[in-house]
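Chain and residue survey
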Amino acid sequence: MQIDSARLRELRTARQWSQEQVAELSGLNLRTIQRLESGAKVSTESLRALAAVFEVPAESLLVGQPAPGQPALEAMRDGVLRGLDFTGTTPRAAFWWFALGVVMLLALAQMLSDAMGPLPIQIASLVVLVPWIAACTRRLRDAGLSPWWQLISLAPVAGILVLLYLLTYPSKTVEPSKVAVG
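Reading the values: rules and limits
The numbering scheme is per chain: residues are counted from 1 as the chain's sequence reads. Only residues with pLDDT of at least 70 get local features here, since the model is predicted, and only at 80 or more are side-chain atom pairs given and counted; chain-wide, interface and lining totals rely on the full set of residues. Only heavy atoms go into the side-chain values, all of them from the structure, while hydrogens and water stay out. Per the convention used, a helix needs a DSSP run of H or I reaching at least four residues, while a strand needs a run of E reaching at least two, with both numbered from the N terminus. Here the radius of gyration uses the C-alpha set of atoms, whereas the globule reference equals 2.2 Å times the residue count to the power 0.38. Exposure classes here rest on a 1.4 Å probe applied to the protein chains alone. A residue is buried below 20% of its type maximum, exposed above 50%, and partly exposed in between. The criterion used for residue contact is that any of the two residues' heavy atoms lie within 4.5 Å. Here a cavity means grid points, on a 1 Å grid over the protein atoms only, where a 1.4 Å probe fits yet cannot get out; a pocket means an open set of points with protein on both sides within 12 Å along at least five of seven lines; lining residues are those with an atom within 4 Å of a point. Grid points are joined across faces, edges and corners, and a volume is the space filled by probe spheres set on the points. In this classification, Asp, Glu, Lys and Arg are treated as charged, Ala, Val, Leu, Ile, Met, Phe, Trp, Tyr, Cys and Pro as nonpolar, and every other residue, Gly included, as polar. Every case where a carboxyl oxygen of Asp or Glu lies within 4 Å of a side-chain nitrogen of Lys or Arg is listed as a salt bridge.

A word on the overall build of the chain
The helix and strand tally for the chain stands at eight helices and zero strands. Seen in sequence order, the chain has helices and strands lined up from the N terminus as α-α-α-α-α-α-α-α. In terms of C-alpha radius of gyration, the chain reaches 22 Å, well past the compact-globule figure of 16 Å for 182 residues. Seen through its C-alpha atoms, the chain measures out along the principal axes to roughly 70 × 35 × 35 Å. Per-residue burial for the chain yields a buried fraction of 34% across its 182 residues. A fraction of 61% describes how many contacts in the chain between residues 6 or more apart in sequence connect residues 24 or more apart.

Brief notes about empty space enclosed by the protein
As enumerated under the stated definition, the model contains one cavity of 30 Å³ or more in all. Of the pockets and cavities examined, the largest cavity occupies roughly 30 Å³. Sorting the residues of the lining of the largest cavity by element identifies α5 (71-81), α6 (92-116) and α7 (119-142) as the ones contributing at least two each. Its residues assigned to classes, the lining of the largest cavity shows five nonpolar, two polar and two charged.

As for the environment of Pro147
Assignment of secondary structure puts Pro147 in the loop between α7 and α8 (158-166). For the pair Pro147 and Phe86, spaced 61 residues apart in sequence, the C-alpha to C-alpha distance is 9.6 Å. Residue contacts for Pro147: discarding those within four places in its chain leaves Thr137, Leu140 and Arg141.

So, the pattern of salt bridges
Considering all chains together, one arrives at three salt bridges under this definition. Between Asp85 and Arg82 there is a salt bridge; the shortest N-O distance is 3.3 Å. The exposure class assigned to Asp85 is partly exposed, which follows from its relative accessible area of 26%. We note a salt bridge from Asp142 to Arg139, for which the minimum N-O separation is 2.7 Å. With a gap of three residues between them, Asp142 and Arg139 both fall in helix α7, about one helical turn apart. For Asp142, a relative accessible area of 10% gives the class buried.

Digging into the environment of Pro170
Examined against the element boundaries, Pro170 turns out to sit in the segment after α8. Along the primary structure Pro170 and Leu61 are separated by 109 residues, whereas in three dimensions their C-alpha atoms are 21 Å apart. In contact with Pro170, other than residues within four places in its own chain, are Arg92, Arg139, Asp142 and Ala143.

Some thoughts on the environment of Tyr169
With respect to the secondary-structure elements, Tyr169 resides in the segment after α8. Under the relative-accessibility criterion, Tyr169 is labelled partly exposed at 28%. Taking C-alpha positions, Tyr169 is 9.0 Å from Arg139, a pair spaced 30 residues apart along the chain.

Concerning unusual backbone geometry
Non-glycine residue Gln16 carries a positive phi angle of around 55 degrees. Looking at the secondary structure, you find Gln16 in the loop between α1 (5-14) and α2 (19-26). Positive phi outside glycine occurs at Val157, with the angle close to 55 degrees. Mapped onto the elements, Val157 comes out in the loop between α7 and α8.

Pasting the structure below:
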């Protein structure tokens, strides 16, 4: 879990506490407090201790908490809007919501094909092809893998299973010290 280091510093300075005081009150090591304020990952125990000290919900100390609303519909809409965008990344949850939307569209097209002939499923398959490849590209990049791994899906059955497995990898976070500036 990634702690919101700015929020942690803000809570500490609002109470005019030093890092040593926070460490003493929370029962954590001073070095742990320093690492967390510089953006390190936090354990569940440390998160609970800090939440208790600052009297805030533990979730409010974490980075990237999903906004309230309809994340599934937003993820599906984002997948459609970014259908031709092969740059950037797509988080794991957003990708799988988009994948569900694609499956639902293809299932609907299949039902129409049963009544009207093969044309609806053929059209739907062509419509989702490029957005699916773009979403897979962004998802593999988010997992820290090369988008070229998609070519493995050309191998019958096993290739598709391997690609689906790779798409389940967790997001790979880039440490600020390893980001090139300039």
